[in-house]
Amino acid sequence: MNNIAKGTIGGNVYHASILTADHLPAIMVLQEEVIGALTDRDSLQPLSEEEIIHIFNGNGLIIGIFITDELIAFRALLLPEVDEEHLGLDCGIPQEQLSRVLYQEISNVSPRYRGLGLQKKMASIIMGQVDLGLYDYVCATVKPLNIPSLKDKFSQGFHVAGLKEKYGGKLRYIFLKNLKENVPSFTQEQETAMTDTLGQQRLINAGFIGTHMLQRDGQWIVVYRK
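Below, the structure is looked at part by part. (Residues numbered from 1 in each chain as written. Predicted model: local features only at pLDDT ≥ 70, side-chain atom pairs only at ≥ 80, totals over all residues. Heavy atoms only, no water.)

Attention shifts here to the pattern of salt bridges. Under the defined criterion, the tally for this structure stands at 11 salt bridges. We note a salt bridge from Arg100 to Asp136, for which the minimum N-O separation is 2.6 Å. Taken as a pair, Arg100 in the loop between helix 3 (87-90) and strand 5 (101-109) and Asp136 in the loop between helix 4 (118-127) and strand 6 (137-142) lie far apart in primary sequence, 36 residues in all. Overlapping salt bridges bring together Glu85, Asp90, Lys164 and Lys166 as one network. (Salt bridge = Lys/Arg side-chain N within 4 Å of Asp/Glu carboxyl O. Helix = DSSP H or I, 4+ residues; strand = E, 2+ residues; numbered from the N terminus.)

Enumeration over the complete set of coordinates arrives at two aromatic pairs. A centroid spacing of 5.2 Å and a plane angle of 75 degrees characterise the contact between Phe154 and Phe175, whose relative ring orientation is edge-to-face. In this pair, Phe154 is assigned in helix 5 (residues 147-155) and Phe175 in strand 8 (residues 170-178), connecting sequence segments 21 residues apart. A relative accessible area of 14% means that Phe154 is categorised as buried. Classification of Phe175 by relative accessible area gives buried; the value is 0%. By way of ring pairs, the aromatic residues Phe154, Tyr173 and Phe175 are connected into one cluster. (Phe/Tyr/Trp six-rings, centres within 6.5 Å; stacked < 30°, edge-to-face > 60°. Buried < 20%, exposed > 50% of the residue type's maximum accessible area, 1.4 Å probe, protein only.)

A few words on the nonpolar core. Core analysis: the biggest nonpolar cluster contains 39 residues, and Ile65, Tyr173 and Phe175 have the highest contact counts within it. Ranked by the residues each element gives to this core, the list is headed by helix 4, at five residues. Among the nonpolar cores identified, the runner-up in size contains 28 residues, and Leu19, Leu47, Phe66 and Ala161 belong to it. (Core = buried A, V, L, I, M, F, W, Y, C linked by side-chain atoms within 4.5 Å.)

At a minimum axis separation of 11 Å, helix 1 (residues 24-36) and helix 2 (residues 49-56) run at an interaxial angle of 135 degrees. As judged from the angle between their axes, helix 1 and helix 2 are oblique. Relative to helix 2, helix 1 is oriented so that their crossing is right-handed. Residues Leu24, Ile27 and Met28 of helix 1 lie in contact with helix 2, whose contacting residues are Glu49, Ile52, Ile53 and Phe56. Split by residue class, the contact of helix 1 with helix 2 holds six nonpolar, no polar and one charged. (Axes fitted to C-alpha atoms, helices over the stretch in contact; angles between N-to-C directions. Parallel < 35°, antiparallel > 145°, perpendicular 65-115°, else oblique. Left-handed = near helix turned anticlockwise from the far one by under 90°. Contact = heavy atoms within 4.5 Å. Nonpolar A, V, L, I, M, F, W, Y, C, P; charged D, E, K, R; others polar.)

Keep in mind that these numbers describe shape and distance, not what the molecule does.
Here it is as structure tokens:
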């Protein structure tokens, strides 16, 4: 097993490894455990066996967190096909650069090990594996009001570059992280309720990007800047 990191969580020693096709059964079992514990199943876009095998066939990377020999969490990066649904197009990336875009895909943590910062640990580990000679951008999608996943993306330095229907009509934020450039300076800032889809889309169309979120009076707010 190709170990790439180790540490302790919740009093347990863990190790992180790059997964292979041999881990497919364990991945599917863990994903079903995670789905079974969800109160809102629409918040997660699971990976099919075919998609996972596609990643293992040289089209991305999956890392896993193990305690002893048990897979308790995994996170995936995908090199997507270049087609009309490519997230890079939603973010304004030129067609000729789409081959330099990765997707940050699903992040699954066993319900038995939630609240221990595993999403953040895996994000740091897997992003550290990205070959900056091959890739310039990472994109991701998150359902509005999926607060843990939104916090995860903002904490990694992603910004909201789009808000539209994907995956057959499901509303999703489209996040973008430029691996080669720092966040620019801003001169304008506007706050919009996360539930105000049209208001956010107007700001995005006017050149604003969503840089972070906050909670005020029980309502989640997205801060847009340009």
